[in-house]
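Per-entry structural report
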Amino acid sequence: QVQLQQSGAELVKPGTSVKLSCKASGYTFTSNHMNWIKQTTGQGLEWIGIINPGSGGTSYNVKFKGKATLTVDKSSSTAFMQLSSLTPEDSAVYYCARSDNYPEGFAYWGQGTLVTVSS
Amino acid sequence: DVVMTQTPVSLSVSLGGQVSISCRSSQSLVHNNGNTYLSWYLQKPGQSPQLLIYKVSNRFSGISDRFSGSGSGTDFTLKISRVEPDDLGVYYCGQGTQYPMYTFGAGTKLELK
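Residues numbered from 1 in each chain as written. Chains lettered and ligands numbered in written order. Predicted model: local features only at pLDDT ≥ 70, side-chain atom pairs only at ≥ 80, totals over all residues. Heavy atoms only, no water.

1. Concerning the environment of A:Val2
All names here are of chain A. Quick reminder of the rule: Here a strand is any run of E in DSSP of at least two residues, a helix any run of H or I of at least four, and the numbering for each starts at the N terminus. Any residue under 20% of the maximum accessible area for its type is buried, any over 50% is exposed, and the rest in between are partly exposed; the area is computed with a 1.4 Å probe on protein chains only.
Relative to the elements of secondary structure, Val 2 occurs in the segment before strand S1 (3–6). Since its relative accessible area comes to 21%, Val 2 is described here as partly exposed. Residues Val 2 and Asp 100 lie 98 residues apart in sequence; the distance between their C-alpha atoms is 12 Å.

2. What to know about the interface of chain A and chain B
Short version of the rule: Residue contacts are counted whenever heavy atoms from the two residues lie within 4.5 Å of one another. Accessible-area loss on putting two parts together, using a 1.4 Å probe and summing over both, is the definition of buried area adopted here. Any Lys or Arg side-chain nitrogen found within 4 Å of a carboxyl oxygen on Asp or Glu counts as a salt bridge. In the analysis that follows, any N or O atom pair within 3.5 Å is treated as a polar contact, provided that within protein one partner can donate a hydrogen and the other can accept it, and provided that, for residues neighboring in sequence, both atoms belong to side chains. Polarity classes work like this: nonpolar for Ala, Val, Leu, Ile, Met, Phe, Trp, Tyr, Cys and Pro, charged for Asp, Glu, Lys and Arg, and polar for all others, with Gly in that last group.
Residue-level contacts link 19 residues of chain A with 18 residues of chain B. In terms of surface lost to chain B, no three residues of chain A exceed A:Leu45, A:Pro103 and A:Glu104, which account for 37% of the buried area on that side. In this structure, A:Glu104 and B:Lys55 form a salt bridge, with 3.5 Å as the shortest nitrogen-oxygen distance. Here chain A is connected to chain B by eight residue pairs in polar contact (both at pLDDT 80 or more). Within the residue set of the side of chain A that touches chain B, elements represented by two or more residues are strand S4 (33–40), strand S5 (44–51) and strand S10 (106–109) of chain A. Considering each element in turn, the side of chain A that touches chain B owes the most residues, four residues, to S10(A). Each residue belonging to the side of chain A that touches chain B can be placed in one class, and the counts come to 10 nonpolar, seven polar and two charged.

3. A few points about the state of the cysteines
Here is the rule we go by: Whenever a pair of cysteine sulfur atoms sits within 2.5 Å, that pair is classed as a disulfide.
A complete count under the given rule lists two disulfides over all chains for this structure. At a sulfur-sulfur separation of 2.0 Å, the disulfide partner of A:Cys22 is A:Cys96. Across the S-S bond linking A:Cys22 and A:Cys96, the dihedral sits near 75 degrees, which makes this disulfide right-handed. Taken together, the residues A:Cys22 in strand S3 (residues 18–25) and A:Cys96 in strand S9 (residues 92–99) connect sequence positions 74 residues apart. Residue A:Cys96 is classed as buried on the basis of its relative accessible area of 0%. A disulfide bridge connects B:Cys23 with B:Cys93, and the sulfur atoms are separated by 2.1 Å. The disulfide joining B:Cys23 to B:Cys93 has a torsion of about 75 degrees about its S-S bond and is therefore right-handed. Of this pair, B:Cys23 sits in strand S3 (residues 19–25) while B:Cys93 is found in strand S9 (residues 89–95), placing the two residues 70 residues apart along the sequence. B:Cys93 sits in the buried class, given a relative accessible area of 0%.

Purely geometric numbers; function is a separate question.
Next up, the structure:
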């Protein structure tokens, strides 16, 4: 069965970067696009961007350009998202989510990674 | 960006009852290819969101037929019949017509009366 296993919670300092991972299993990793989504209490769900694991091609929400960088490692079926120049506003739960026929929706989600930015 | 507005913010229901949730978009969600990319998700307490409905009215694999989606253009509705305890949580609509950009509504919390 399809599983997306995300890395554990992070407590990071303002101004630093963090790299989150999402390991896929149960399907051919390069067959489906992977998305990243931010959830906060105040802003709800925000789509960050999408990556094609086969080609490495990406598209980003304008709001997150320069903040998020999406990459993949095909050899380990893992997607990554690096967040840079962190501020307290970046504190959130981040999900990876597979889209089967983008943009029809996000069919499978990881369990989420809580990122807390605090000095 | 397309703004998605959900109403109500919260609603209470009795087990076995029926509820409707509304989602309105700031622009038509009909794509040039004729498809309407409106989806519904449920986030149960402590869990990740799960896809219920895609392209307005198509139930995702394994989703009960108690869930039904309808609508067109800018106005959409999710109906839940014979509400069960496992249906409680926050419901979100989302649009992908402006892809690659994707936007979500703010959510509707379904609680027990």
